[in-house]
Every structure is written in C-alpha cells, then in structure tokens.
Amino acid sequence: SAPIVAAKAIYQPKPVYPHLAIISHIQGTVVLQAIIGKDGTIQELKVQGGHPMLVNAALDAVKTWRYQPTLLNSEPVDVLTEIDVKFSLGE
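Residues numbered from 1 in each chain as written. Predicted model: local features only at pLDDT ≥ 70, side-chain atom pairs only at ≥ 80, totals over all residues. Heavy atoms only, no water.

Asks: Explain the pairing of strand β4 (residues 42-49) to me, please; I cannot follow it from the model alone.
Replies: If a strand is regular, its side chains alternate between the two faces of the sheet. Of the strand pairs in this sheet, strand β3 (residues 28-36) and β4 are connected by 6 bridges, and their pairing is antiparallel. Bridge pairing in β4 links I36 to I42. Remark: 5 residues form the turn of the hairpin made by β3 and β4, two consecutive strands paired antiparallel; G40 in that turn has positive phi of roughly 90°. (Pairing = 2+ DSSP bridges. Helix = DSSP H or I, 4+ residues; strand = E, 2+ residues; numbered from the N terminus.)

Asks: Teacher, can you tell me more about helix α2 (residues 52-62) here?
Replies: Because each turn of an α-helix spans 3.6 residues, side chains separated by three or four positions end up pointing in the same direction. Three or more residues of α2 are buried, namely L54, V55, A57, A58, L59, A61 and V62. Tucked inside the fold, the buried residues of α2 contact α1 (19-23), β3, β4 and β8 (79-87). (Buried < 20%, exposed > 50% of the residue type's maximum accessible area, 1.4 Å probe, protein only. Contact = heavy atoms within 4.5 Å.)

Asks: Explain the environment of P52 to me, please; I cannot follow it from the model alone.
Replies: You can see P52 is positioned in helix α2. Overall, P52 belongs to the exposed group, its relative accessible area being 66%. Spatially, the C-alpha atoms of P52 and L80 are 23 Å apart, while their sequence positions differ by 28 residues.

Asks: When you look at the packing of aromatic side chains in this model, what are you seeing that I'm missing?
Replies: For any pair of aromatic rings, geometry is given as the distance between the ring centres together with the angle between the planes. For the coordinates displayed, the defined rule picks out 1 aromatic pair. An angle of 85° between the planes, with centres 5.3 Å apart, marks the rings of Y17 and F87 as edge-to-face. Note that Y17 is positioned in the loop between β2 (8-11) and α1 and F87 in strand β8, a separation of 70 residues in sequence. Of the two residues examined, Y17 and F87, each falls in the buried class. (Phe/Tyr/Trp six-rings, centres within 6.5 Å; stacked < 30°, edge-to-face > 60°.)

Asks: I tried to follow the side chain of T41 on my own but got confused; where do I start?
Replies: For T41, the position within the fold is in the loop between β3 and β4. The exposure class assigned to T41 is buried, which follows from its relative accessible area of 17%. Within polar-contact distance, the side chain of T41 engages the side chain of D39 at 2.7 Å. Of the polar contacts made by the side chain of T41, one reaches the side chain of Q43; its length is 2.6 Å. When sequence neighbours within four positions are dropped, the list of residues in contact with T41 reads I35, I36, W65 and R66. (Polar contact = N/O pair within 3.5 Å; in protein donor to acceptor, adjacent residues only side chain to side chain.)

Read these as spatial facts, not as claims about activity.
What follows is the structure, given as structure tokens:
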C-alpha cells in the first residue's frame with residue numbers, strides 16, 4: 001500500500017454567525033462535502049445538511065480555508081472529504 005499523508009488545516013477562520021440566527025437562537029452543524037485540491041485550496045463545496053440560516057455563513061468561511069495538501073507517494077492529490085462547521089451560541 002502507498003504511504004498517504006492526510007490533509008491538515010493550516011488556515012481555518014471561524015464563520016461569521018448570522019445575526020438573524022443569533023437573535024432566533026439557532027445553533028447546529030452544517031455538513032459540507034468538499035474537494036481539497038492539490039494546492040490545498042477548496043475546489044468544490046456541496047451542502048449535505050444543516051439549518052438554512054447557517055449554510056451560507058459556513059460556505060463563505062470554508063471557501064477561504066487552506067490545507068497542507070494530501071500526499072500520496074509524496075505527490076499532492078485531490079481528496080474528497082466531509083467538513084462539519086459547528087455553530088454554537090455559547091462560543
């Protein structure tokens with residue numbers, strides 16, 4: 001089997017909590033499916049689930065995230081992954 005080095009987040013700012021979601025006391029997790037490219041940037045994002053008031057904030061944040069690329073045999077490769085973005089009013 002080939003040695004695999006998994007992607008590691010190197011830039012991961014938190015999403016901006018939507019004001020309407022705060023005053024509506026909405027919390028939860030937005031689940032996204034992402035392709036992390038060979039250069040460590042997010043290439044594709046698809047919403048798998050989450051409260052509609054939180055989805056856009058999660059998408060906007062994750063689009064800016066950067067990763068150390070996944071390596072397969074010391075070569076960077078695209079990788080499909082699931083990303084959970086948690087929104088909690090207590091944080």
